[in-house]
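# Examining the three-dimensional arrangement
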Amino acid sequence: MKIMIVEDEPTIRKLLGETVEKWGFEAVLCEDFNRVQDIFLRSEPHLVLMDINLPVFDGYYWCGRIREMSNVPIVFLSSRDSPMDMVMAMNMGGDDYIQKPFYDDVLIAKIKALLRRTYSYAETPVNAVEYEGVLLNLNDRMLVSGGRSIELTRNEFLILHLLMQQIGRIVSREKIMRCLWEDESFVDDNTLTVNMTRLRKKLADIGRNHFITTIKGEGYFIK
């Protein structure tokens, strides 16, 4: 699950990112404080850690903007300790308030509790991933789009699953090869090309000709 961290102090932001990743979450670090809402929409986090004192607009403002479109849990982080700040945080739509400095264990416990309460399915294994009308069934390796379906081979499935987990990000050929084969140094680079060609043909067969984009010299990505 993704945790978006909106903290303008670089050292604290980095430490928060390392902390949540150590506990198995994916950290989304916000570094452009003019575009907090845009980054939220693009990354689709499951929870937001929001500092109150931010440049341009404060955390209360961004909480309000996020609340216009989402009920994702928002935890305020602040060195302020007045009851009014805590009341303001809750009134603006925050779900919790943690005063700095705090213990990592306390922060993680609060994050886990909020995720459990918010996502009742959190402990249920996800059996499919979907993007832009393309659905990949994780149980039987079936690829579905527009009422048509086709079965993928193991390698085709692993390639597409990896790319769909990294929407909008370039995934290198080396990373894909490590996913397919434990030691890619013993695999002919052309083997990946063959698998990718077959996967693209199957995507074309269900009407998704340009679902995967090639970036020459870098890798592949799904827009």
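With that out of the way, let us pick up the confidence of the model for the protein. Looking at the protein, pLDDT values average 86 and 93% of them are 70 or higher. A low-confidence stretch, residues 121-125 stays under pLDDT 50, and its non-local contacts, those more than four residues away or across chains, total zero contacts.

With respect to the helices, strands and loops of the structure, K100 is situated in the loop between β5 (96-99) and α5 (104-118). Side-chain polar atoms of K100 contact the side chain of E7, separated by 2.7 Å. Leave out the neighbours within four places in its chain, and K100 touches E7, I12, D51, L77, S78 and S79.

Moving on to the pairing of strand β3 (residues 47-51). Most of β3 is tucked away, with five of its five residues classed as buried. Judged by which residues are buried, β3 turns out to be covered on both faces: L47, L49 and D51 on one side and V48 and M50 on the other are all buried. Of the pairings in the sheet, the one linking β3 to strand β4 (residues 74-78) comprises four bridges and is parallel in character. By the bridge assignment, L49 is partnered in β4 with V75.

The next point concerns the sheet that holds strand β7 (residues 134-137). In space, the four strands of this open sheet follow the order β6-β7-β8-β9, with antiparallel pairing throughout. With partners counted over all chains shown, the strands left at the sheet margins are β6 (128-131) and β9 (148-151), one partner each. Averaged over all pairs of adjacent strands, the angle between strand axes in this sheet comes to 15°, irrespective of strand direction. Alignment of β6 against β7, held across four bridges, turns out to be antiparallel. When the sheet's bridge partners are listed, V129 is paired in β7 with L136. Against the sheet, helix α6 (residues 154-165) touches β6, β7, β8 (142-145) and β9, its axis set at about 125° to β7.

Among the secondary structure elements, N155 is positioned in helix α6. Of the residues examined, N155 reaches a relative accessible area of 15% and is grouped as buried. Excluding its chain neighbours within four sequence positions, the residues that come into contact with N155 are L180, W181 and N195.

Reading the values: rules and limits
- Residues numbered from 1 in each chain as written.
- Predicted model: local features only at pLDDT ≥ 70, side-chain atom pairs only at ≥ 80, totals over all residues.
- Heavy atoms only, no water.
- pLDDT = per-residue confidence, 0-100.
- Contact = heavy atoms within 4.5 Å.
- Helix = DSSP H or I, 4+ residues; strand = E, 2+ residues; numbered from the N terminus.
- Polar contact = N/O pair within 3.5 Å; in protein donor to acceptor, adjacent residues only side chain to side chain.
- Buried < 20%, exposed > 50% of the residue type's maximum accessible area, 1.4 Å probe, protein only.
- Pairing = 2+ DSSP bridges.
- Axes fitted to C-alpha atoms, helices over the stretch in contact; angles between N-to-C directions.

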